[in-house]
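Remarks on the overall topology
One-letter residues, chain by chain:
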Amino acid sequence: MKKTLLLCFIHGFKGDDDTFGKDYGFAKHLRQLVAKELPKVNVNVVVYPKYETRGDLSECVSRFRDWLTNKVIDLEVKSGAPSPTIDPSVRVILLGHSMGGIVAAETTIELASEHPIHNSTNPAVEDPKIGKAGTTPPPRPPTPNSLMFPYIQGVLAFDTPFLGISPGVVAHGAESHYAAASSAVAQLSGLTSLWGGAKAASQSDPSVTRKTPVAALPAPQAKDKDSNAQNSGSAWGKWGKIAMVAGAVGAVAAGTTAAYLNRDQITQGLSWATSHLEFVGCLARKEELRRRVAYMVRLNHELGVGFGNIYTRLGKAAGSTTVGVAGTVLGSNERTFCVVPKKDLAGDWREAINDKATDETLAHMSMFEPKENPGYDKLARDASGMIAKWLRNDWYESSTSGDTIGA
């Protein structure tokens, strides 16, 4: 039986069908590269439909898990696999951009242990207290289950802030947008009260759960050409404005996450802001971030589940800047979107230098656009090489020639 490797792409916060390139260009390109590297298996691609990046992360993960399970079951039925839960003919690589990588990792951890990392820690107790006298460290996650279904062979993230968003994203943005940020303080002064893990006042859009899953590489829906759609990209250029709201003490924790918000939509009400902050709120929970990465590393060591993150770094276009608040506080010339591990084991992290982008956010959002990212081809090659490395195992070697499954 010729087995199937399913590449499943997940967009990030406020992402859409164009996240992975126009007409899913990057997804198609990567599939071709992986197919050449792994000729013994069918390589299929599926893109998770656009979903509401709001509300509780666990609910989002649950919906994605159900959708993925149905996709894999369909492929297993077509292949005629006798025991898909014991010896699956389909294995999955989850590929997530930005917050999509956290959705991918959390899904994998749930499948392997049935104990998600999200909401497993007390947000009021951060890692400096862990291990001190009089405190009880969080319980060790259970032993991974090698019979997880669907079977996740690897999680490949693209610029996912597994350890948080780099302070430089806020600091450099705050310097360049200081005047605008000052005027935003009055409008958004109530934003800091949201940092307590409060649940959203309103539930996630119920239409999300009723959405019919699309087939592999679905044709993107027609885009709305109104002015709001054309201006949607401008929101990403306003990093740093909202970061000033939280004040100096909370600038890194609150500012980096709050910076995701589209400032223009704050006027729609506190419930909107609360719901979206709840989704990205995990980025402010340092211990939760650390434990998630640690468990993915454990899955790699014990089950051979690949775990990597290709992160963006500014290149030549960033140029040299006058040392200001950012340089004084950060003391680093490496401008990345996400915090990069320096010492602790955190999987396979590789930089993707963008010599055209002038700030971290542009590099983050243009990863999959060849015209905006001179390093696009290298990005695709690195991703393909990492996936191929994770598949050099007995499951792959036991695949035999046969009919192609799926599309």
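One can find the structure itself at the top, above this paragraph.
As the structure is a computational prediction, the values presented were derived from the model and not from experiment.

All right, on to helix H3 (residues 99–113) then. An ideal rise of 1.5 Å per residue puts 21 Å on 15 residues; H3 measures up with 21 Å between its terminal C-alpha atoms. Where H3 terminates, the next one or two residues include Glu114, which has phi positive at roughly 60°.

A word on the sheet that holds strand S2 (residues 42–47). In spatial order, the strands read S2-S1-S3-S4-S5-S6; together these 6 strands make up an open sheet with parallel pairing. In the strand order of this sheet, the two ends are held by S2 and strand S6 (348–354), each with one partner. Neighbour-to-neighbour, the strand axes of the sheet open up by a mean angle of 20°, direction not taken into account. On top of the sheet, helix H10 (residues 286–303) reaches strand S4 (151–158) and strand S5 (306–314); it is set at about 130° to S5, its chief contact.

Quick look at the packing of helix H1 (residues 25–37) against helix H13 (residues 376–390) now. Helix packing geometry: the angle between the two helix axes and the distance between the axes. Packing of H1 against H13 leaves a shortest axis separation of 9 Å and a crossing angle of 45°. Judged by the inter-axis angle, H1 sits oblique to H13. Between H1 and H13 lies a crossing whose hand is right-handed. On the side of H1, the interface is formed by Gly25, Phe26, His29, Leu30, Leu33, Val34 and Glu37, while H13 contributes Tyr376, Asp377, Leu379, Ala380, Arg381, Ala383, Ser384, Gly385, Ile387 and Ala388. Considered class by class, the residues forming the contact of H1 with H13 number 10 nonpolar, 4 polar and 3 charged.

Turning next to the packing of aromatic side chains. This structure, assessed with the given rule, holds 13 aromatic pairs. Between Phe20 and Phe368, the aromatic rings sit 5.1 Å apart at their centres with planes inclined by 50°, giving tilted as the arrangement. Taken together, the residues Phe20 in the loop between strand S1 (4–10) and H1 and Phe368 in the loop between helix H12 (360–365) and H13 connect sequence positions 348 residues apart. For Phe20, a relative accessible area of 2% puts it in the buried group. One aromatic cluster in this structure is built from Phe9, Phe20, Phe26, Phe158, Phe368 and Tyr376. Sitting above the plane of the Tyr151 ring, Arg91 keeps its charged end 4.0 Å from the centroid.

Another point: the side chain of Arg65. In this structure, Arg65 sits in helix H2 (residues 57–79). At a separation of 3.3 Å, a polar atom in the side chain of Arg65 contacts the side chain of Glu110. Every residue in contact with Arg65, bar those within four places of it in the chain, is listed here: Thr107, Glu110, Leu111 and Glu114.

Residue Pro150 follows Phe149 across a cis peptide bond; omega there is -5°. With respect to the helices and strands, the residue Pro150 is situated in the loop between H3 and S4. Even without a glycine there, the phi angle at Asp23 is positive, about 55°. For Asp23, the position within the fold is in the loop between S1 and H1. Residue classification places Asp23 among the partly exposed positions, given a relative accessible area of 38%. A positive phi is found at Asp159, a non-glycine position, where the angle reads about 55°. Within the secondary structure layout, Asp159 lies in the loop between S4 and helix H4 (167–176).

Core analysis: the biggest nonpolar cluster contains 51 residues, and Phe64, Leu68 and Leu94 have the highest contact counts within it. Those elements that provide at least two residues to this core are S1, H2, strand S3 (90–97), H3, S4, H10 and S5. Among all residues touching Phe64, those that are not within four sequence positions of it are Cys8, Ile10, Tyr48, Leu94, Val103 and Thr107. Residues Leu7, Val43, Ala383 and Met386 belong to the second largest nonpolar core, which totals 33 residues.

Cut-offs applied
- Residues numbered from 1 in each chain as written.
- Predicted model: local features only at pLDDT ≥ 70, side-chain atom pairs only at ≥ 80, totals over all residues.
- Heavy atoms only, no water.
- Helix = DSSP H or I, 4+ residues; strand = E, 2+ residues; numbered from the N terminus.
- Expected span 1.5 Å × (residues − 1).
- Pairing = 2+ DSSP bridges.
- Axes fitted to C-alpha atoms, helices over the stretch in contact; angles between N-to-C directions.
- Contact = heavy atoms within 4.5 Å.
- Parallel < 35°, antiparallel > 145°, perpendicular 65-115°, else oblique.
- Left-handed = near helix turned anticlockwise from the far one by under 90°.
- Nonpolar A, V, L, I, M, F, W, Y, C, P; charged D, E, K, R; others polar.
- Phe/Tyr/Trp six-rings, centres within 6.5 Å; stacked < 30°, edge-to-face > 60°.
- Buried < 20%, exposed > 50% of the residue type's maximum accessible area, 1.4 Å probe, protein only.
- Lys NZ or Arg CZ within 6 Å of the ring centre and 35° of its normal.
- Polar contact = N/O pair within 3.5 Å; in protein donor to acceptor, adjacent residues only side chain to side chain.
- Core = buried A, V, L, I, M, F, W, Y, C linked by side-chain atoms within 4.5 Å.

Shape descriptors only; they carry no functional weight alone.
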